[in-house]
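Single-letter residue listing:
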Amino acid sequence: MYRIGNGYDVHKLVKDRKLILGGVEIPYEYGLLGHSDADVLIHAIMDALLGALALGDIGQHFPDTDEKYKGISSIELLKHVNNLIFSKGYEVVNIDSIVVMQKPKLKNYLIKMRENISKILDIEIDDISIKATTEEKLGFTGEGRGVKSYAVVLLKKSDKF
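A quick note: this is a predicted structure, and the numbers were derived from the prediction, not measured.

Engineer: Just give me the short version of the environment of valine 24, but keep the residues and values in it.
Structural biologist: One can find valine 24 in strand β3 (residues 24-26). Residues valine 24 and lysine 70, 46 residues apart in the sequence, show an inter-C-alpha distance of 18 Å. In this structure, valine 24 is in contact with Leu19, Tyr109, Lys112, Met113 and Asn116, ignoring residues within four places of it in sequence.

Engineer: So, the pattern of salt bridges: which residues are in play, and what are the values?
Structural biologist: The tally for this structure, following the rule as stated, stands at seven salt bridges. Here glutamate 29 and lysine 15 are joined by a salt bridge, their closest N and O atoms 3.4 Å apart. Here glutamate 29 is found in the loop between β3 and β4 (31-32), whereas its partner lysine 15 is found in the loop between β1 (2-14) and β2 (19-21), with 14 residues between them in sequence. Salt-bridge contacts for arginine 114 lead to aspartate 126; the nearest nitrogen and oxygen are separated by 3.8 Å. Here arginine 114 is found in helix α4 (residues 110-121), whereas its partner aspartate 126 is found in the loop between α4 and β6 (128-133), with twelve residues between them in sequence. By relative accessible area, arginine 114 is classed as buried at 17%. Overall, the relative accessible area of 68% leaves aspartate 126 in the exposed class.

Calculation notes
- Residues numbered from 1 in each chain as written.
- Predicted model: local features only at pLDDT ≥ 70, side-chain atom pairs only at ≥ 80, totals over all residues.
- Heavy atoms only, no water.
- Helix = DSSP H or I, 4+ residues; strand = E, 2+ residues; numbered from the N terminus.
- Contact = heavy atoms within 4.5 Å.
- Salt bridge = Lys/Arg side-chain N within 4 Å of Asp/Glu carboxyl O.
- Buried < 20%, exposed > 50% of the residue type's maximum accessible area, 1.4 Å probe, protein only.

Quick look at the structure:
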């Protein structure tokens with residue numbers, strides 16, 4: 001049995017925060033505002049994973065009102081979501097995702113992002129697609145005020161049991 005999930009996340013760019021995407025710190029004058037490290041890519045992937053099994057969203061599992069998640073690495077949250085998916089008898093087949101931001105360019109960081117995610121989810125790097133695009137200076141992402149990400153995942157009933 002297969003299940004498909006779709007995820008989305010968005011965060012505002014602000015001064016005095018690190019820019020972390022796919023678990024990679026990217027040198028930039030702005031970072032993402034959020035309760036955790038605000039990694040929009042990992043957040044979109046987690047929402048897609050949870051959605052595929054109708055398990056709610058990351059806000060239900062990691063509420064921004066809970067201090068134990070303040071500043072936490074989204075990679076740690078992804079580990080938890082992956083364990084939850086596996087406990088339900090499923091595993092990730094593949095991920096297709098997009099990060100939307102005007103700058104900086106992400107080309108040199110995409111492989112490391114894919115490596116980080118593949119290690120956590122225990123899938124091949126070739127089963128993870130991360131694309132980066134701009135919005136041609138249109139809207140809040142094009143104006144450099146925020147970053148958004150979309151993700152689609154395919155899960156299958158695991159034969160590892």
